[in-house]
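# Remarks on the overall topology
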Amino acid sequence: MLPVLQRRAGLVAVALWTASLASAQLISRPIPPADAVERGKKEFVIQCASCHGADARGEDDGPDLVRSVIVLDDERGSLIGPVLRKGFPNEGMPGFDLSDAQIQDLSAFLRERTQAAINRNAYPLKDLLTGDAEAGAAFFNGAGRCNTCHSPTGDLAGLASRFQPAQLQTRFLYPRGGRGGTAKPTTATVTPRTGPTVSGTLEFIDDFTVVLRDTEGYNRSFSRDAVKVDIQDPLAAHAQLLKQYTDKNMHDVLAYLVTLK
Amino acid sequence: MKKILLGALLCAGVLSAQALDPAKLLQPPTDSWPTYNGDYTGRRYSPLKQINQSNVGTLNLAWTRRFTAGGGRGGGGPVSIKATPLEVNGILYFAAPDNAWAVDARSGHELWHYTWETTGGLHIGNRGFGMYGDWLYFETPDCYLVSLDAKTGKLRWNHQIADVKQEYFCGPAPMVIKNHIITGVGGDSLDVPGYLESRDPETGALQWRWNTTPRPGEPGSETWPSRGSMEHGGGMTWHSGTYDPELNLYYFGTGNPNPVYAPQSRSGNNLYTCSIVALNPDTGKLVWYYQVSPHDSHDFDNVETPVLIDGEFKGQPRKMLAQAARNGYFVLLDRTNGKNLLTAPFVEALNWSKGLDADGRPIPNPDKEAKPDGTLVSPTEGGAANWFAPSFSPLTGLFYTHASESYGLDWKTDLSKTPEGYGGRNQTIWMQNLLQAIDYKTGKVVWSHRYPNQGGNRSGLLSTAGGLLFGGDPTSNVFAMDPVNGKMLWHAGLQSAVSNGPITFGLDGRQYLVVGAGDSLYAFTLPGH
């Protein structure tokens, strides 16, 4: 994925530092190997954590290393090696007697720490379940009118065993991609100036053209300036509810949905 | 100023048949499109009217050309043309991350293709070139300012303008004002400080630097709780702005403060993030500022183009500046001093804000800050508006912008006293795209075009004296509307959605419309011309 990076940094030295496909958009530098990170972490806890914190984000006695320019500009110990060996005696940091391998491991650990800060798409979501399940059920069956289309013993039965809370939260708000592939499609009815109306699944629409797949499976295309189009979007109520939810409603509904195991 | 500029260029011996005459920078665009926005006003309004309401329905494809990336990260990969091409003396110049091209404007024939060997950085997009005489300037994702010879596409020099290892990345079109090449930077991942720099067009030497966030003791530092918070406070400068030659002020918008979604370590308004600022381009000194999103915690970069409007307001002629901000508010300022004239929402349901203060500034709603269990925020991270170019037509007095109504979830993931990076996450839940026509005198949306699709592309816009408003829709059409009422007058389906802002120019008595869509440029003209 990052051939140029590897070429620039030296083929042999960087061979073990790989790019992550999943994080490629956010992580633009090679990812250090996990075993080096693990060794570096152990070393860090022993030698560095008392001043810089176990997560390297700094404590009262030592600065944040995750955002340190020396750490960020470092390549496999090139900058932090000399600093570690000499220390900053005037600022209370002693020099350390470390091997090249130990320094490279520490460099790998610190790179892992910075990449954990950079890769926001991997920040863990937790403590999502703060709502009141009973209040959620009341909203589901009351103000939200969710029960107009859904049933806890019907289409939503076993919902919580299929999805984690983080998935459920975004999916119940607006089920982009459908409920496990069983979502009702958007349909439309087209009324020409003359001739019969045509109904079917909405295949495509823009300001100029509408394409339906009719009940017999044929694709039917119309210029929009010649027809009237009525769209029946089964998710319209979800979009409407976004304007209605308080954050409490939202948390309550999630708390209720996770009870549907 | 015109004389001084011409003199400087002639002395340098760079004014050639292909060179940009600096006088063009001070005129409405007709036979050239010499800057990102066509001229310094940011209006993206062309006085050309060969293509007009009576004949736009016959607009024809003159040529289309597909471009393939070479070298760098994008080697052979897909190109997305977010750059607005410059058109100077019959040649189009545009860039994409690590790639730049010159193309004959009459035929689409490729004249040269330059590739940059990257060292990394986020390859989100490149907005294109700035031009000075025979010389071109663009920024690379790994934050080099690269100058090319417009004749050959050969490298003149490059200068690093930010450290990619600190997670800066770069892509705005450099702004050329007199003998200043003004560059900006991006990057939100590690709480680096934002700044704007001016460099010498001949050598690339630094002329001045303006820091978005103050240092301890400087004005504005009272809006941050600590040295660390302002030094790590963000405020990126990732989009080019506008310029008033009479006032000699450069206007641009600044990005969001950092950490993005976890503001607990940066109590206060966090100047000069999420602001419109006016700098003296000769010195880099701040002349005035207006903060559109005080203490932002929703990633509402305020970099949207500050459009310069000369016209009447409440019966008085005024020099004004208008912006449709990412946070969903339309703001009209007196651009001589930054005083607020008007603020009004241009989409519905801006739940992140509790209303406006006495100076017209939106007041954030602390209840809608990100929380561990999520808050439902409107608009979502992508904003009610964003970088795509708006347009202002002096004929209609309307400000046009693509916009979105949207909802998203904001989660705070870093609850520590000293959060880092984003400190939280966002997920867009739902988005509906619109084209809004705003009366600058009232802030009211006079007409609104609601696309029949959810989500999708939002393009830049162009208005002309031909009574036309050009843009791209969320699917893959380029269109012309009646700017008075939004009625569709012409469209053409392209291979992909319009990914930049349309431009127009005249060559040989023929008016061209050029748009970028994905990896291709498309040029349209009238038959018989």
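A few points on the structure. (Residues numbered from 1 in each chain as written. Chains lettered and ligands numbered in written order. Predicted model: local features only at pLDDT ≥ 70, side-chain atom pairs only at ≥ 80, totals over all residues.)

## Here's the deal with the interface of chain B and chain A
Put simply, the test is: By the convention adopted here, residues make contact when the C-beta atoms placed from their backbones lie within 7 Å. In DSSP terms, a helix is any run of H or I states spanning at least four residues, a strand is any run of E spanning at least two, and both are numbered starting from the N terminus. Note that Gly is not counted as nonpolar here; it falls among the polar residues with everything else outside the nonpolar set of Ala, Val, Leu, Ile, Met, Phe, Trp, Tyr, Cys and Pro and the charged set of Asp, Glu, Lys and Arg.
Listed per partner, the contact involves 42 residues of chain B and 38 residues of chain A. The set of elements that each furnish at least two residues to the side of chain B that touches chain A consists of β25 (375-377), β27 (398-412), β28 (424-439), β29 (445-454) and β33 (488-493) of chain B. With 4 residues, the top contributor of residues to the side of chain B that touches chain A is β28 of chain B. Tallied by class, residues from the side of chain B that touches chain A come to 14 nonpolar, 18 polar and 10 charged.

## Some points on the packing of helix α8 (residues 133-141) of chain A against helix α12 (residues 247-257) of chain A
All names here are of chain A. The condition is simple: Orientation is described by axes fitted as lines to C-alpha atoms, over the contacting stretch for helices, and by angles from 0 to 180 degrees between their N-to-C directions. Roughly parallel here means an angle under 35 degrees, roughly antiparallel means over 145, roughly perpendicular means 65 to 115, and every remaining angle is called oblique.
Look at α8 against α12: their axes get within 7 Å of each other, and the N-to-C directions meet at 100 degrees. In terms of their interaxial angle, α8 and α12 are classed as roughly perpendicular. Along the contact surface, α8 presents Ala-133, Ala-135, Gly-136, Ala-137, Phe-139 and Phe-140, while α12 presents Asn-249, Asp-252, Val-253, Ala-255 and Tyr-256.

## Brief notes about the nonpolar core
Residues and elements named next belong to chain B. To keep it simple, the criterion reads: Joining buried Ala, Val, Leu, Ile, Met, Phe, Trp, Tyr and Cys residues through C-beta atoms within 7 Å gives a set, and that set is a nonpolar core. Three exposure classes are used, all based on how many other C-beta atoms lie within 10 Å of a residue's own C-beta (placed from the backbone): buried at 20 or more, exposed at 12 or fewer, and partly exposed between those limits.
Of all hydrophobic cores here, the largest spans 151 residues; its most connected members are Phe-129, Met-131 and Ala-322. With sequence-adjacent residues up to four places away left out, Phe-129 is seen in contact with Leu-86, Tyr-93, Phe-94, Ala-95, Leu-136, Tyr-137, Phe-138 and Ala-173. Counting residues in each nonpolar core, the second largest holds 30 residues, with Leu-350, Leu-409, Tyr-422 and Ile-429 among its members.

## Thoughts on the packing of helix α3 (residues 34-47) of chain A against helix α7 (residues 100-118) of chain A
A packed helix pair is summarised by two numbers, namely the angle formed by the two axes and the spacing between the axes. All names here are of chain A. Closest axis-to-axis distance for the α3/α7 pair is 7 Å, and the angle between their directions is 100 degrees. In terms of axis orientation, α3 runs roughly perpendicular to α7. Mapping the contact onto sequence places Ala-36, Val-37, Arg-39, Gly-40, Lys-41, Glu-43 and Phe-44 in α3 and Gln-102, Gln-104, Asp-105, Leu-106, Ala-108, Phe-109 and Glu-112 in α7. A per-class count over the contact of α3 with α7 returns 6 nonpolar, 3 polar and 5 charged.

## What about the pairing of strand β8 (residues 135-139) of chain B?
The two faces of a sheet get side chains in turn, since along a regular strand they alternate between them. All names here are of chain B. Which entries qualify depends on this criterion: Pairing between strands is defined by DSSP: at least two bridges between the two strands are required.
Burial analysis of β8 places 5 of its 5 residues in the buried class, the great majority of the element. Burial of β8 is two-sided: the residues Trp-135, Tyr-137 and Glu-139 facing one way and the residues Leu-136 and Phe-138 facing the other way are all buried. Bridge analysis of strand β7 (residues 130-132) against β8 gives 3 bridges, and the strand direction is antiparallel. The residue bridging Gly-130 from the neighbouring strand is Tyr-137, located in β8. Here β7 folds back onto β8 in antiparallel fashion, the turn holding 2 residues, of which Gly-133 has a positive phi close to 60 degrees. Note that β8 and strand β9 (residues 144-149) share 5 bridges and pair antiparallel. For Leu-136, the partnering residue across the bridge sits in β9 and is Leu-148. The hairpin turn running from β8 into β9, its antiparallel successor, is 4 residues long, and Cys-143 in that turn takes a positive phi close to 70 degrees.

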